[in-house]
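Chain residues, written in single-letter form:
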Amino acid sequence: MNRLAQVFVISAILASMATGDITLQPKGFVKLPDQKGTMALNLGTANKAAYDDEYNLLYVIGHNADVMNIIDMRDNLAEPTLARTITFDYLNQGYPNDIKLCRHGGGLAREFLAISFESKDLSERGHVHLYQPMRGPLDVLVRLKTVTTVEGFDPKSIAWNSGCSELIVASMGKPHIINGIFEDPKPAIDVLIPTFGLNVDRGTRPFSEAAIKAADIRQVFTSCDTGNHQGQSTHVQDLEATHVVVDQSDKAYVLFQSNNAVGRLDLTDTFSSMEFHNLGKKDWSKLGIDTSYDDGGINLNSQNMMSLYQPGHAVTFTLGNKTFLATADGGEVRSYSYRSGNTYLCNFAESDLGRNWRQDFSAFVNPAIATQLKTNLSSYASLGRMPFSKLRSYQDGYNPLQMGFNYLTTYGGRGWSLFDASDMRRVYDSGDTLERYFLSPEVKDNEKAMFNDYYYTTTASQSQYMDRTSPTFGPKPTAITTGMVNGTQVVVVANGYVGGLYAFSVAVNETTEEPEVDFLGFNRRGSAGLTWAESYMKTDDSVGEPGITDLLWINDEGQSIVVTISSIAGAASFYSVEVTP
């Protein structure tokens, strides 16, 4: 079954929304403190996590709070406890971005806990520390290797190869100010190789301008709209690496979210170069999408427009002798406003809201459709609040020969995608499932009240801004994980705004060798009627999981556990994956 056919089948069965036998059951919920022991909303105590299946410890780093909390899972994987808070020094260590643990036995036994750090204001290049995994929550955190400085300023994501012999470090290359000067650095891919003794060898994989252009990768930023910075950024400088994941055969996949691209790198070949893949666009003309919070509630309609998929998180898995890459297609819009003192250095915005979009359509757009689109763009109840790309590039729908746009382009796939890793072919797209669920008979009232909602202020009720993210990224899936339970491959996708987990099963058709995906259900913690502050003060999980930034699947001691990391609540919550009669 081809991708579009799968989307239509999924959309058709959503009317019944039959929940499968596999369910996520809420279990433990652990709030995490900052360096002073304070627990509150938005302290930045939780961003990424790593699990040690030998000693049953969960490490959770918090970027803004500059801490690592240790959660003890030894007594009960599903009902763990906070054991300890370790503080970092932002001057000597920096602010933690990502954490990964790897253990490999055999003749060359290796075990490392790696944490990447960036400096305050990105004033210095980033670095990585390698530690010995703790045997117990009260053990001393021992650094095994000297500090390794990496090529990039902001090492956002790290991943180990299968043998724990190489750590892949992806630095975003985000613009910043150094000594009062605007700078747009290149992204960087470093390969760190721990050697015997204290040293770590470092290699850097270069980026090819020609390869990027040949793959038709989207370029977002070339020059400032206004400001005194007069330079131009190359296609390489414009790439922003946001996430890296490595499969079992040591192929690394690097997501460039705003560029709507993925790079693939063979780690087994030192001389291999990165392959780039354009992730294409999603057609909403035959799917349902809610595009405005002025439309009276949950209203999914087809629209003559496209969106960039723009995944920000990914996992890999092997099923039916095939390796798959699963991505959470959240979306990203770039804008810059940098200044030094009273001097504006660079202002840039790639999009305009529909009501401000003043571009012409090309002759390829049917005149009747063009007229309707212009009407919709001017209406708050239709497309008026939605961001659309104004970049005059082929990847954003611009036709330079006719000096007009062939179509509207907005941001984010509002779902998840599955790729055959052998050729990077998208073999599944969840279509409009993540939003259409809220129109199903199975949706609960407290879930429906959170449709396309978001956290804005502590004094607002959790459901006060219902429907307000509809014009931007909808449910904005920000994290994805996968695991096997009872012989079934399960993929779990997070709602990145107010929390909630969507579960899907994946099987491979023995005849076509193509994946078949079924929607299993949705689950969200939280109390829709309480304010965020009121719900946080309760001792249970009433605050829910707003701002999910990481998901982990733990298979250990005969149990399957999904862990969510909530950056806004500063919490780790635990679900037991269970098979019900």
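Look up a bit, the structure's there.
Keep in mind it's a predicted model, so treat the numbers as computed, not measured. Once a new chain begins, its residue numbering starts again from 1 and follows that chain's sequence as written. Where local features are concerned, this predicted model is filtered to residues with pLDDT of at least 70; where side-chain atom pairs are given and counted, the filter is 80 or more; whole-chain, interface and lining totals use all residues. Side-chain descriptors were evaluated using all non-hydrogen atoms of the structure, hydrogens and water having been removed beforehand.

A. Representation of the pairing of strand β16 (residues 243-246). Only protein chains enter the area calculation, which uses a 1.4 Å probe; residues under 20% of their type maximum are buried, those over 50% are exposed, and those in between are partly exposed. Starting at the N terminus, helices and strands are each numbered in turn, a helix being any DSSP run of H or I of at least four residues and a strand any DSSP run of E of at least two. In β16, alternate side chains face the same way, and those of His243 and Val245 on one face and Val244 and Val246 on the other are all buried. A strand pair is defined by DSSP finding two or more bridges across the two strands. Direction of pairing for β16 relative to strand β17 (residues 251-256): antiparallel, over a ladder of four bridges. When the bridges of β17 are listed, Val246 appears paired with Ala252. From the end of β16 to the start of β17, which pair antiparallel, there are four residues, and Asp250 there has a positive phi angle of about 65°.

B. Broad picture of the pattern of salt bridges. Salt bridges are defined as contacts in which a side-chain nitrogen from Lys or Arg sits within 4 Å of a carboxyl oxygen from Asp or Glu. One pass over the full model with this rule turns up 24 salt bridges. Here the salt bridges share partners, and the residues they tie into one network are Asp52, Glu54, Arg103, Glu111 and Arg135.

C. Summary view of helix α4 (residues 367-377). Looking only at α4, the buried set comprises Ala370, Leu373, Asn376 and Leu377. Considered in projection along α4, the buried side chains sweep an arc of 125° and stay on one side of the axis. Exposed side of α4, more than 90 degrees from the buried face: Pro367 and Ala368 are the residues found there. Turning to α4, the residues buried within the fold contact β27 (387-389). Of the residues that open α4, the one with a side-chain oxygen 2.8 Å from the backbone nitrogen of Ala368 is Asn366. As used here, the arc belongs to the directions running from the helix axis to the C-beta atoms. Residue contacts are defined here by distance: any two heavy atoms, one from each residue, within 4.5 Å place the two residues in contact. What qualifies as a polar contact is a pair of N or O atoms within 3.5 Å, subject to a donor-acceptor requirement within protein and to the restriction that residues adjacent in sequence count only when both atoms come from side chains.

D. Broad picture of the sheet that holds strand β8 (residues 127-131). Taken in spatial order, the four strands line up as β6-β7-β8-β9 in an open sheet, and their pairing is antiparallel. In the strand order of this sheet, the two ends are held by β6 (95-104) and β9 (148-149), each with one partner.

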